[in-house]
Amino acid sequence: MNHSQRTTTPKDLAGWQALADQLTLENRAFINGAYREAVSGETFACISPVDGRELVSVVSCNQADADLAVVAARNAFESGAWSQLAPDRRKAVLIRFADLIEAHGDQLALLETLDMGKPIGHARGVDVPATARAVRWTAEAIDKVYGELAATPHDQIGMISREPMGVVAAIVPWNFPMIMAAWKIAPALATGNSVILKPSEKSPLTAICLAALAQEAGIPPGIFNVLPGYGHTVGKALALHMDVDCLVFTGSTNVAKQLMIYAGQSNMKRVWLEAGGKSPNIVFADAPDLKKAAASAATAIAFNQGEVCTAGSRLLVEESIRAEFIGLIREALESWQPGHPLDPATTCGAIVDQAQLARIIEYIGIGQSEGATLVAGGKRVMEDTGGLFVQPTVFDRANNGMRIAAEEIFGPVLSVISFTTAEEAITIANDSIYGLAAAVWTSNINTAHRVAKALRAGSVWINHYDGGDMTAPFGGFKQSGNGRDKSLHAFDKYTEIKATWLVIE
Ligand code: NAD
């Protein structure tokens, strides 16, 4: 990547394309403060879903690279150069890191779009600022959290302090590559750990780039390492590693379960998991504004091509307004039709890769064969571009017994389920292995709170969808995971609590 700062963000497709043509892509791992090839010399092809072309071949790390990175991370941790630095000094470095992310926002956004297909307007307007904010907010907090004193007898002092864990491995997915990475690396670094980031093999480019920016900000060698490669190779090597103290993960529930097994098979490293979802969006007939609720429901399934862990993929609608509401959603989805990801006007971009596209198309077929009624979308489009695009799709008359309503599709496919009472809505909503998020739309404050309390989900939104900020924790109940990203609660994952007891002589 060319790190020179630009002063003007491109305004149109041609401008972004011109910037893309100038990009120099860094493709190597970053270990102990330097970019390097994999020990094996292996690479994998990084294909853009925008047009099917190979962007670059990326270094494919393996066990040997994981070993090198862990040694570097451990040595750097033990040196104290970062782990023992005063919190306000770590804060200053991380704030510089956030500044650099913002300063390179155009290039980072472009890499994200080319690599995983999201619209450039969202990559630039959502992903870049959210990544910088995650780093900055966390950095600013770190010199404002205190230890505790226990309620001791007069002649004793019980000090309760938090210490960094040591070497943290962070394994992240491809849907928000930078944001998901930032939610892990910011609190891990802020609390003094060394970090090894393994981005998804489907979206490694921004993570590789963040390594250089972190170094430029002043993060010492060995403290922040990036290992591109596959899950079953370098991901597994990190998860099984005897000298990794903590494993943090965002990704699918199946892989999350496997990581718990790896931890048990190795050194019982701490394992924190943000996994899948099948979130219910519950709309009562007395919702304050049905048009607004429908627009929000459309966004909840189409934003980021539906490749969102909190996608509102189960729409629970009160039966009396079902037909009207589906009409409103179909209208709202008109503004979510796929377009060229480098066009700033595009709202719905490309699906990350062929396998994910095939999965979405397969589920659309499953919905039809299960007897749900296809009322919008359902087709692959823009095939002539060489890119991977699918229409936002809506199935009416779905129920929890259908696979389209029970399983996470991770694409723009909405299942509409009707209900007649609040109790029924709650039962349907909670009848899921997942518990990541949920929303409830109603004008009745009692219904709102009764339903919100009854929903088994880590985030509940009332009369909107997908609210939140760095100030609030994010994570799941049930098989959506454990632990929380964001907010001060995130520090729990990256620190051990120590009780130091003194008896005064
Ligand atoms: P995934 O589970 O396939 O992969 C996630 C990461 O795990 C990738 O880096 C991958 O290489 C790695 N991995 C795969 N197998 C591994 C193994 N055996 N050992 C170690 N690492 C391994 O998920 P994905 O397809 O990249 O992302 C989509 C999933 O992520 C969805 O289920 C989505 O709900 C979830 N997600 C959850 C959240 C959340 O905060 N809860 C946020 C975003 C995405």
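Reading the values: rules and limits
Residues numbered from 1 in each chain as written. Predicted model: local features only at pLDDT ≥ 70, side-chain atom pairs only at ≥ 80, totals over all residues. Heavy atoms only, no water. UniProt positions renumbered as here; feature names shortened; annotations may be inferred. Axes fitted to C-alpha atoms, helices over the stretch in contact; angles between N-to-C directions. Helix = DSSP H or I, 4+ residues; strand = E, 2+ residues; numbered from the N terminus. Parallel < 35°, antiparallel > 145°, perpendicular 65-115°, else oblique. Contact = heavy atoms within 4.5 Å. Nonpolar A, V, L, I, M, F, W, Y, C, P; charged D, E, K, R; others polar. Near = heavy atom within 4 Å. Polar contact = N/O pair within 3.5 Å; in protein donor to acceptor, adjacent residues only side chain to side chain. Areas by Shrake-Rupley, 256 points an atom, 1.4 Å probe, with all protein chains shown as cover. Expected span 1.5 Å × (residues − 1). Buried < 20%, exposed > 50% of the residue type's maximum accessible area, 1.4 Å probe, protein only.

An unreviewed UniProt entry annotates the protein as Aldehyde dehydrogenase PuuC of Marinobacter vulgaris. Listed under Sequence similarities (unreviewed entry) in UniProt, the entry text for the protein is "Belongs to the aldehyde dehydrogenase family."

Axis separation between helix α3 (residues 87-103) and helix α6 (residues 177-190) bottoms out at 10 Å; the angle between their running directions is 155 degrees. The angle between α3 and α6 places the two elements in the roughly antiparallel class. Counting all contacts with α3, which are made through Arg-90, Leu-94 and Phe-97, the residues of α6 involved are Ile-185, Ala-186, Leu-189 and Ala-190. In terms of residue class, the contact of α3 with α6 is built from 6 nonpolar, no polar and 1 charged.

This paragraph deals with the site of the ligand. The full set close to the ligand counts 28 residues, and Val-172, Glu-201, Ser-252, Ala-275 and Glu-408 are the nearest of them. In the environment of the ligand, an oxygen atom lies 2.9 Å from a nitrogen or oxygen atom belonging to the side chain of Lys-198. The side chain of Glu-201 places a nitrogen or oxygen atom 2.7 Å from an oxygen atom of the ligand. Protein burial of the ligand: of its 850 Å² of free accessible surface, 90% is covered by the chains.

For the rest of this paragraph, the subject is α3. With 17 residues, α3 extends 24 Å from end C-alpha to end C-alpha; this agrees with the ideal 24 Å at 1.5 Å per step. Taken as a whole, α3 has its buried residues at Arg-90, Lys-91, Val-93, Leu-94, Phe-97, Ala-98, Leu-100 and Ile-101. Looking at the buried side of α3, the elements it contacts are α4 (105-116), α5 (120-141), α6 and α7 (205-217).

Now for the UniProt feature "domain: Aldehyde dehydrogenase" (unreviewed entry) in the protein. Under the present numbering, the feature "domain: Aldehyde dehydrogenase" (unreviewed entry) in UniProt falls on residues 38-499. For residues 38-499, the end-to-end C-alpha separation is 42 Å, with 40% helix and 20% strand making up the annotated structure.

Further remarks concern the UniProt feature "active site" (unreviewed entry) in the protein. Per the UniProt record, the feature "active site" (unreviewed entry) sits at Glu-274. You can see Glu-274 is positioned in strand β11 (residues 270-274).

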